[in-house]
Amino acid sequence: MATISNLGIGSAGLGELYDQLETAERTKLTTITTQQSTYNAQLSAYGKLQSAMTSLQTATATLGKTATWNSTAVSSTNTAFSATTTSDASVGSFTVNVSQVAKAQVLTTGSIASNTEKLGDITGAKRTISISQPGTEKPLEVDLTDADTSLSGIASAINKANGNVSASVVKAKDSDYRLMLTSKATGTEGQMTIKVTGDDTLQEAIGYNSAAGTGALTVQTKAQNAILVVNDITIERQSNTISDALPGVTFTIKAESKADETLDITRATDGNQKAITDWVTAYNSLQSTINSVTKYVAVDKGEDQSNSNGALVGDGNVRGIQSQLRGLLTDVQTGSVQIMAQLGITQDPQKGSDGTMGNLKIDADKLKKALADNPDAVQQYFIGDGKTTGLATKMSSTLDSMLSTSAGKAGVIQNAKDGINKTLKSLSERYDAMEASIEATMARYKAQFTSLDVLMTKMTNTTNYLTQQFSSSSS
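The structure presented is a predicted model; accordingly, all values stated were derived computationally and were not measured.

Undergrad: What am I meant to see in the sheet that holds strand β7 (residues 165-173) here?
TA: Sheet strands pair by backbone hydrogen bonding; their relative direction is either parallel or antiparallel. On the basis of which strands lie adjacent, the open sheet formed by 4 strands has the order β7-β8-β4-β12 and antiparallel pairing. Edge positions in the open sheet fall to β7 and β12 (218-221), since each of these has one partner strand only. On average, each strand axis in the sheet is inclined to that of its neighbour by 30°, with strand direction left out of account. Sheet analysis places β7 next to strand β8 (residues 176-183), joined by 8 bridges and oriented antiparallel. The residue bridging V169 from the neighbouring strand is L179, located in β8.

Following this line, the structure appears as structure tokens:
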């Protein structure tokens, strides 16, 4: 911004006049910045609208998925095991008995007087402990120095190797220490065979062959698989977590059964009700957002209302979006459930606390009864044929189209934002051009004012000189 700080002694009033001219010139930018603020506010409002529509799109898509309506739950209380289900589980009752709990093998050495005494041959030669397990592809191999051959040294070296075996030293009493090796995996595939190479003395102290049951170690806990009997079918697995016995059912075994137990798998209508409630919440949130960005506040004549109205007040795109979505709510669907009111979902004709009209409200008891009495009919209302019928199917298609950002298939939101961004770019270019024009004009004024300042300074100097001469002559 060009300024004149001092135009000389002949410039009385010129600096102030220059500033006034510059202020007047720069008012030409005000119109552009005002338009930029307006369009930026619209762009922000469209962003809020897009976010609310995306939330509704997600909730609607959930209602349109078969998996949502096929969701199941375990309604029985079981003691020997627990179970969780997915939508792949079959509804029904199953007799379950836990015959055996999977356990990890635990091996211990005999009593050793010290946990720090070296047990191996003190030769300096390399020695390696190899721990093999049927369920592990490669044996765990641990190299030991002479100093590592104590119980504590062996345990530390095994744990540092971070394999499928953990080691610890147990003090039974004074001068009675035991090395304990525990498989990290349950089942027979976790059985351990320990072999020491390069140190026969250490091999005799801790070597063990699980297959033959021979060696220096004692089986503290026997490796065993989990055995589960479901409807008289015996299922044996390595782990206490069994997820491949019944489709969509995961068993977690806790203890052996004292008697047969019943596993009851039912339709999870609570999950269905939540999906519907989430959809209603998302729809109402969108209506609230639309109300916010399009609100109109009446003011007295002559007063500025730009700060009171929504950024998209009177916007045709928003009215079209709201009208289309509301229209879908009144569509009659095929099947025994044809309108939302049969599910206890209605449009509230009264204004909400935020001034929004047309919000959906739910009669929770009526919805719960509809889901309990005929869940398939409720599913049919929302999904239909999954292509062209069903409220959720049709609304998902509509929202997908509205929110599309694909080239050549951009939806109403993307097109509106693209239009605003194009206008903002044009305004930015106009602003830059106008600012350049103003700078050029002010530079011209500055040159003119500077010339005038020089001339006035000369005239002032001449006047002062002549006044001095006349004064001297008069004297």
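That covers the picture; the talk isn't over yet.
Undergrad: What is the right way to look at the pattern of salt bridges in this model?
TA: Pairs can form between side chains of opposite charge whenever their charged atoms are close. If you walk through the whole model with that rule in mind, you get 9 salt bridges. Note that D146 is salt-bridged to R127, the shortest N-O span being 2.8 Å. Highlighted residues: D146 in the loop between β6 (140-144) and α3 (151-160) and R127 in strand β5 (residues 127-132), separated in sequence by 19 residues. Through salt bridges with shared partners, a single ionic network connects R127, D146 and D199.

Undergrad: What am I meant to see in a nonpolar patch on the surface here?
TA: A cluster of nonpolar residues, L452, L455 and M459, forms a patch on the protein surface that exposes about 280 Å² of accessible area. Following the sequence through the fold, L452 ends up in helix α10 (residues 412-474).

Undergrad: When you look at the sheet that holds strand β17 (residues 261-267) in this model, what are you seeing that I'm missing?
TA: Taken in spatial order, the 5 strands of this open sheet run β1-β17-β3-β13-β14, and their pairing is antiparallel. Each edge of the open sheet carries a strand with a single partner, namely β1 (72-74) and β14 (233-237). Strand-to-strand twist in this sheet, taken as the mean axis angle between neighbours without regard to direction, amounts to 30°. Two elements, β1 and β17, share 3 bridges in a ladder whose sense is antiparallel. Bridge assignment links T72 to a residue of β17, and that residue is R267.

About the cut-offs
Residues numbered from 1 in each chain as written. Predicted model: local features only at pLDDT ≥ 70, side-chain atom pairs only at ≥ 80, totals over all residues. Heavy atoms only, no water. Pairing = 2+ DSSP bridges. Helix = DSSP H or I, 4+ residues; strand = E, 2+ residues; numbered from the N terminus. Axes fitted to C-alpha atoms, helices over the stretch in contact; angles between N-to-C directions. Salt bridge = Lys/Arg side-chain N within 4 Å of Asp/Glu carboxyl O. Patch = residues over 30% accessible without salt bridge, like charges linked within 9 Å, V, L, I, M, F, W, Y side chains within 5 Å. Areas by Shrake-Rupley, 256 points an atom, 1.4 Å probe, with all protein chains shown as cover.

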